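# Observations on the model geometry
The residues making up each chain are set out below.
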Amino acid sequence: MKHTRITNSREKLLDAAETIVMERGATRMTLDAVAAQAKVSKGGLLYHFASKEALVQAMVARIVGLAEEHFAAALANESPGKGRHARALLYLMLDDNGPFLLRVKRMAAPLLAAVAGNADLLSPMRQFLQTVRQGMSDDGLSDDRAWLILASLDGIKFWRILHLLEPSGTDLAKVRCLLEQLIDSEDFYEK
């Protein structure tokens, strides 16, 4: 029972931190503000997160955990064989109505601001992307083609997160179609 209460308190604190980041911005996410938002004492917060950096790291890990979960589900829906990891990533990154992308779109820009001073906090995301890229290689994609798919999808994701460019639904459908054609092409794989 105690483990569940600790887990619930930790999740409540992460929820509070996310709320503050989304509503007020990363610079307003202080430990005091998170404790107040979660209706937890500062000592209770410090029990779970010894510093703001530890809290931000947990927030990044939480988003990565969601990505891993949704990617695994997309991968499970793919038939074994060539292009499996690339198609699962394509689904994950371009599924506009999916719960993962909606949450990432709300959280990513403020969270990036929070990690701007310490790129090491992004190590869970780096590891996830390396795992996905390795899966693409294991499927037979050459490194240059795996990088092309990752760069295309991450570029689109960051454009949208940072509101740099907003491709229309039609544009995204065309990009998806083109990437699917590349993924399904025998010429796209090492022989």
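Coordinates for the structure precede this section.
Quick summary incoming for the structure in this document.

Scoring rules and cut-offs
Residues numbered from 1 in each chain as written. Predicted model: local features only at pLDDT ≥ 70, side-chain atom pairs only at ≥ 80, totals over all residues. Heavy atoms only, no water. Patch = residues over 30% accessible without salt bridge, like charges linked within 9 Å, V, L, I, M, F, W, Y side chains within 5 Å. Areas by Shrake-Rupley, 256 points an atom, 1.4 Å probe, with all protein chains shown as cover. Salt bridge = Lys/Arg side-chain N within 4 Å of Asp/Glu carboxyl O. Helix = DSSP H or I, 4+ residues; strand = E, 2+ residues; numbered from the N terminus. Buried < 20%, exposed > 50% of the residue type's maximum accessible area, 1.4 Å probe, protein only. Axes fitted to C-alpha atoms, helices over the stretch in contact; angles between N-to-C directions. Parallel < 35°, antiparallel > 145°, perpendicular 65-115°, else oblique. Left-handed = near helix turned anticlockwise from the far one by under 90°. Contact = heavy atoms within 4.5 Å. Nonpolar A, V, L, I, M, F, W, Y, C, P; charged D, E, K, R; others polar. Core = buried A, V, L, I, M, F, W, Y, C linked by side-chain atoms within 4.5 Å. Phe/Tyr/Trp six-rings, centres within 6.5 Å; stacked < 30°, edge-to-face > 60°. 1 Å grid on protein atoms, 1.4 Å probe; cavity = no way out; pocket = protein on both sides within 12 Å on 5 of 7 lines; lining within 4 Å. Points joined across faces, edges and corners; volume = space filled by probe spheres on them.

## Observations regarding a nonpolar patch on the surface
A cluster of nonpolar side chains, Trp 159, Leu 162, Leu 164 and Leu 165, forms an exposed patch at the surface whose accessible area comes to about 380 Å². Looking at the secondary structure, you find Leu 162 in the loop between α8 (143-161) and α9 (169-184). For Leu 162, a relative accessible area of 39% translates into the label partly exposed.

## Section: helix α5 (residues 84-94)
For α5, a buried count of nine out of eleven residues is recorded, marking the element as mostly surrounded by other parts of the structure. Those residues of α5 that fall on the buried side of the exposure criterion are His 85, Ala 86, Arg 87, Ala 88, Leu 89, Leu 90, Leu 92, Met 93 and Leu 94.

## Quick word on the packing of helix α4 (residues 52-76) against helix α7 (residues 123-138)
Put simply, α4 and α7 touch, their axes get as near as 9 Å, and they point 20° apart. If you check the angle between α4 and α7, you find them roughly parallel. In this structure, α4 crosses over α7, and the sense of that crossing is left-handed. Between α4, through Val 60, Ala 61, Ile 63, Val 64, Ala 67, Glu 68 and Phe 71, and α7, the contact on the second element is made entirely by Pro 124, Met 125, Phe 128 and Val 132. Counted by class, the contact of α4 with α7 contains ten nonpolar, no polar and one charged residues.

## A look at the nonpolar core
Membership of the largest hydrophobic core comes to 56 residues, with the highest contact counts inside it found for Met 29, Val 34, Leu 55, Met 59, Leu 89, Met 136 and Ile 149. Counting residues per element, the ones that place at least two in this core are α1 (2-24), α2 (31-38), α4, α5, α6 (99-115), α7, α8 and α9. Looking at this core element by element, the count peaks at twelve residues for α4. With near-sequence residues (within four places) excluded, Leu 89 lies in contact with Phe 71, Val 132, Met 136, Leu 150 and Leu 153.

## Some points on the packing of aromatic side chains
Enumeration according to the criterion identifies one aromatic pair in this entry. An angle of 85° between the planes, with centres 5.9 Å apart, marks the rings of Phe 71 and Phe 128 as edge-to-face. Of the two residues, Phe 71 is situated in helix α4 and Phe 128 in helix α7; the sequence distance between them amounts to 57 residues. Judged by relative accessible area, which is 7%, Phe 71 ranks as buried. A residue is classified by how much of its surface remains accessible, and Phe 128, at 6% relative accessible area, is buried.

## A few points about the layout of surface pockets
If you add up the space inside the largest pocket, you get close to 440 Å³. Taken together, the elements giving at least two residues each to the lining of the largest pocket come down to α4, α5, α6, α7 and α8. Grouping the constituent residues of the lining of the largest pocket by class yields 20 nonpolar, one polar and four charged.

## Some words on unusual backbone geometry
The phi dihedral of Lys 39 is positive, around 55°, even though this residue is not glycine. Take Lys 39: it is sitting in the loop between α2 and α3 (42-48). Judged by its relative accessible area of 72%, Lys 39 falls in the exposed class.

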